[in-house]
Amino acid sequence: MVDVFLICVIVIGFFLLSVIGLYLVIKYQHPDDKNDAYIPKLVVLFGFVLAGGTVFLLPLDVANNSNFAGCEGFNTAVCGGLNMELFWNIIYWLIPAWVFILIPFCIFYYEADDGMLMAGTSIGAKPKSKIREALCYEMFVVVIFGLIFALTYLFLNTTDIPVRDWTGPGFQAGPLYSITEVDNATFSTDQLNNMGAKDVVILNANTVNPEMSSISISINPATFYAGLMAWLGWFLFACFGGIGMAALPLDLILQFVNRPHHMDAVEFAEAQRLLRDRVNELVTVGELLKMEREENAQKNETKGWREQRKAAAEEKKAWLQFKQAVYLMEEDAEEFANCTENYRNYNPLIPIFALLAGICALIISLCWVLQIILYMLPNPPVTPFLNDYFRWFETWFNLFGVLSVAIFSFYLLICAVKGCFKFGLRFLFFQVHPMKLNKTYMSSFLFNIGLVLLCALPVVQFSASAFQDYARYTTVSQTFNVQLYYLKFFGWFWRSKVFEYALLVILLLTCIYLGCKPKDTAGGKDSIGLRDRLRARSS
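Basis of the calculations
Residues numbered from 1 in each chain as written. Predicted model: local features only at pLDDT ≥ 70, side-chain atom pairs only at ≥ 80, totals over all residues. Heavy atoms only, no water. Helix = DSSP H or I, 4+ residues; strand = E, 2+ residues; numbered from the N terminus. Buried < 20%, exposed > 50% of the residue type's maximum accessible area, 1.4 Å probe, protein only. Contact = heavy atoms within 4.5 Å. Areas by Shrake-Rupley, 256 points an atom, 1.4 Å probe, with all protein chains shown as cover. Phe/Tyr/Trp six-rings, centres within 6.5 Å; stacked < 30°, edge-to-face > 60°. Lys NZ or Arg CZ within 6 Å of the ring centre and 35° of its normal. Expected span 1.5 Å × (residues − 1). Bend = angle between axes of the 7 residues up to and from the residue. Polar contact = N/O pair within 3.5 Å; in protein donor to acceptor, adjacent residues only side chain to side chain. Salt bridge = Lys/Arg side-chain N within 4 Å of Asp/Glu carboxyl O. Patch = residues over 30% accessible without salt bridge, like charges linked within 9 Å, V, L, I, M, F, W, Y side chains within 5 Å. Core = buried A, V, L, I, M, F, W, Y, C linked by side-chain atoms within 4.5 Å.

S.K.: I'd love a proper account of the overall build of the chain, names of residues and values included.
M.R.: Scanning the chain from N- to C-terminus turns up 16 helices and four strands. Put simply, the chain has 539 residues, and 40% of those count as buried. Partitioning the contacts of the chain with sequence separation of at least 6, the portion at a separation of at least 24 is 81%. By element, 65% of the accessible surface of the chain is carried by carbon and sulfur atoms, the whole surface being about 30300 Å².

Structure, rendered in structure tokens:
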């Protein structure tokens with residue numbers, strides 16, 4: 001029988017995720033998108049619900065206990081009765097659909113040039129349909145990843161699960177016991193007799209093969225694609241998750257340390273002059289970039305393919321550096337405003353809450369580091385650590401243990417987004433997509449939701465492995481810690497702990513790096529340097 005409480009949890013959880021997602025879209029969207037981009041907004045909203053639901057499905061699976069032996073009928077008191085395999089299979093199919101179909105299509109559609117602005121600038125120019133252009137790009141994505149998914153499943157869908165052979169007497173050789181029947185009562189283990197001497201004889205007659213053997217089975221497509229998506233997402237999560245676990249607590253604490261302070265007249269004049277100089281430099285840089293783009297467009301007609309690619313790479317790098325400098329200048333301008341005209345309206349509780357959140361984030365990050373070192377990497381583990389903590393919670397209130405799993409798991413997703421932004425801001429390998437109130441375009445929403453969805457299954461797998469003792473009766477533990485753990489090719493990465501070591505190393509390197517350079521700074525020097533390089537290339 002299905003537990004009514006778990007049904008209520010599902011309904012309330014879906015409602016809360018929808019409300020939070022809707023709030024984020026409304027509060028963070030750019031004014032230019034207020035009455036536009038409805039389809040991308042729906043994809044972002046339900047993508048957020050899907051990502052949150054994927055992570056929160058793990059604690060729900062823990063509460064359901066569907067793989068507990070008693071759930072077959074003789075002891076269902078701790079069983080929720082939900083078909084978690086169905087829930088997980090739905091998640092396994094929806095995530096690839098969102099990542100490779102809906103989100104790319106919305107990005108192509110949102111950023112497609114509909115041709116209307118350029119239609120009258122050249123003879124015979126015809127406006128292009130945004131939908132048609134987005135569909136063309138999307139078909140290319142679907143074909144490429146469809147082939148990858150089909151070929152990998154065709155050749156790598158076998159899992160070799162290790163087993164140990166036990167040989168013993170037949171069932172008919174065992175002793176017989178009578179059960180005391182109670183009228184109109186369900187079966188209880190109390191009705192069974194205790195083991196006797198005859199049972200000991202049967203047990204001693206068993207023989208064990210000292211060598212392990214294996215069973216090769218083909219897993220279903222949903223489970224395989226969950227493993228493939230987890231494997232792909234692990235490369236992002238190991239990098240960005242490790243960076244975020246170090247950067248998130250530090251940035252929250254620095255938000256308190258660098259909270260706005262009132263400026264006197266001298267400090268105000270100096271800060272205003274520095275900001276004005278940076279703005280002027282960035283305006284100059286923007287004009288130089290525009291001129292360089294126009295010159296490159298004219299010169300590309302006479303350049304070779306390699307020269308065109310080199311020029312495009314240099315132009316892209318300059319634009320990324322320009323956007324980084326603009327973002328950091330806007331951050332400094334906002335801090336300047338909070339110290340001057342907005343000082344009286346600034347909420348003093350914001351830095352205090354940031355400090356408390358930073359301390360909590362630091363504790364959770366330290367707990368994760370200890371869990372990796374003490375439980376996940378050694379064989380056998382040194383101590384169950386967090387598993388014991390969750391089980392201790394169960395002794396006086398079950399819900400707290402489940403909520404702890406949800407908090408620790410969802411924290412990893414937040415760290416992945418934070419790490420991606422921090423990495424892009426510091427190293428300029430790709431465009432940063434910060435989430436800012438009333439200043440976030442839908443392209444940034446879609447990018448961040450895609451990143452979160454790619455990291456969702458690695459987070460679930462990582463948490464299921466980290467809390468293997470506590471989550472031993474879950475369906476997802478059987479999937480990731482058994483079937484996918486021994487999957488051909490992909491299983492080697494998980495059995496060798498490649499991603500766990502990578503995450504830990506990246507986290508430690510990030511701590512050292514941020515200890516030396518804790519603040520994101522591009523400042524005026526970078527703007528001046530970019531300006532001088534552009535002028536040198538133009539001359």
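S.K.: Outline the packing of aromatic side chains, listing residues and values.
M.R.: Tallied over the full model, the rule gives 39 aromatic pairs. Ring geometry for Trp231 versus Phe490: centroids 5.2 Å apart, planes at 70°, classification edge-to-face. Taken together, the positions of Trp231 in helix α6 (residues 221-257) and Phe490 in helix α14 (residues 490-495) put the pair 259 residues apart, joining distant regions of the chain. Its end group placed over the ring of Phe256, Arg259 keeps NZ or CZ at 4.2 Å from the ring centre.

S.K.: Before we move on, could you go through helix α3 (residues 84-111) and cite the residues and values that matter?
M.R.: For α3, with 28 residues, the first-to-last C-alpha span of 38 Å sits near the 40 Å given by 1.5 Å per residue. If you look at α3, its biggest bend is around 45°, right at Trp98. Burial in α3 covers these residues: Met84, Trp88, Ile91, Tyr92, Ile95, Pro96, Trp98, Val99, Phe100, Ile103, Pro104 and Cys106. Where the residues of α3 are buried, they touch α2 (38-64), α4 (130-156), α6, α12 (442-466) and α13 (475-483).

S.K.: Could you give an account of α13, naming the residues involved and the relevant values?
M.R.: Listing the buried residues of α13 in full gives Thr475, Val476, Ser477, Thr479, Phe480 and Asn481. Looking at the buried residues of α13, the elements they touch are α2, α3, α6 and α12. Where α13 begins, the capping side chain belongs to Thr474, and its oxygen is found 3.2 Å from the backbone nitrogen of Ser477.

S.K.: Can you tell me about the pattern of salt bridges, naming the residues and giving the values?
M.R.: Applying the stated rule across the entire model yields seven salt bridges. Of the charged contacts, one joins Arg273 and Glu270 as a salt bridge, the two residues approaching to 2.8 Å between their closest N and O atoms. With a gap of three residues between them, Arg273 and Glu270 both fall in helix α7 (residues 265-299), about one helical turn apart. In this structure, Asp332 engages Arg278 in a salt bridge whose closest nitrogen and oxygen atoms are separated by 2.6 Å. In this pair, Asp332 is assigned in helix α8 (residues 305-339) and Arg278 in helix α7, connecting sequence segments 54 residues apart. Judged by relative accessible area, which is 26%, Asp332 ranks as partly exposed. Look at the salt bridges and you will find they share partners, linking Asp251, Lys418 and Lys422 into a network.

S.K.: Go over a nonpolar patch on the surface with me, naming the residues and quoting the values.
M.R.: Among the surface-exposed residues, Phe5, Val9, Tyr389, Trp392, Trp396, Phe397, Leu399, Phe400, Leu403 and Ile407 lie close enough to one another that they form a single nonpolar patch of about 950 Å² accessible area. Counting only elements with at least two residues in the nonpolar patch, the list comes to α1 (4-28), α10 (386-394) and α11 (398-427). Per-element accounting of the nonpolar patch gives the leading share, four residues, to α11. Checked against the element boundaries, Val9 lands in helix α1.

S.K.: Give me the nonpolar core: which residues, what numbers.
M.R.: Among the nonpolar cores identified, the biggest contains 96 residues, and Ile95, Phe237, Trp368, Leu453 and Phe467 are the most heavily contacted of them. Those residues in contact with Leu453 that lie beyond four places of it in its chain are Gly47, Leu50, Ala51, Ile95, Trp98, Val99 and Ile103. Grouped together as the second largest cluster of nonpolar side chains are seven residues, Leu282, Leu289, Ala318 and Phe322 included.

S.K.: Residues and numbers for the environment of Gln255, please.
M.R.: Assignment of secondary structure puts Gln255 in helix α6. Accessibility expressed as a relative area gives 36% for Gln255, which makes it partly exposed. On a C-alpha basis, the gap between Gln255 and Pro351 in space is 6.0 Å, while along the polypeptide they are 96 residues apart. What Gln255 contacts, discounting residues up to four positions off in sequence, is Ile350, Pro351 and Ala354.

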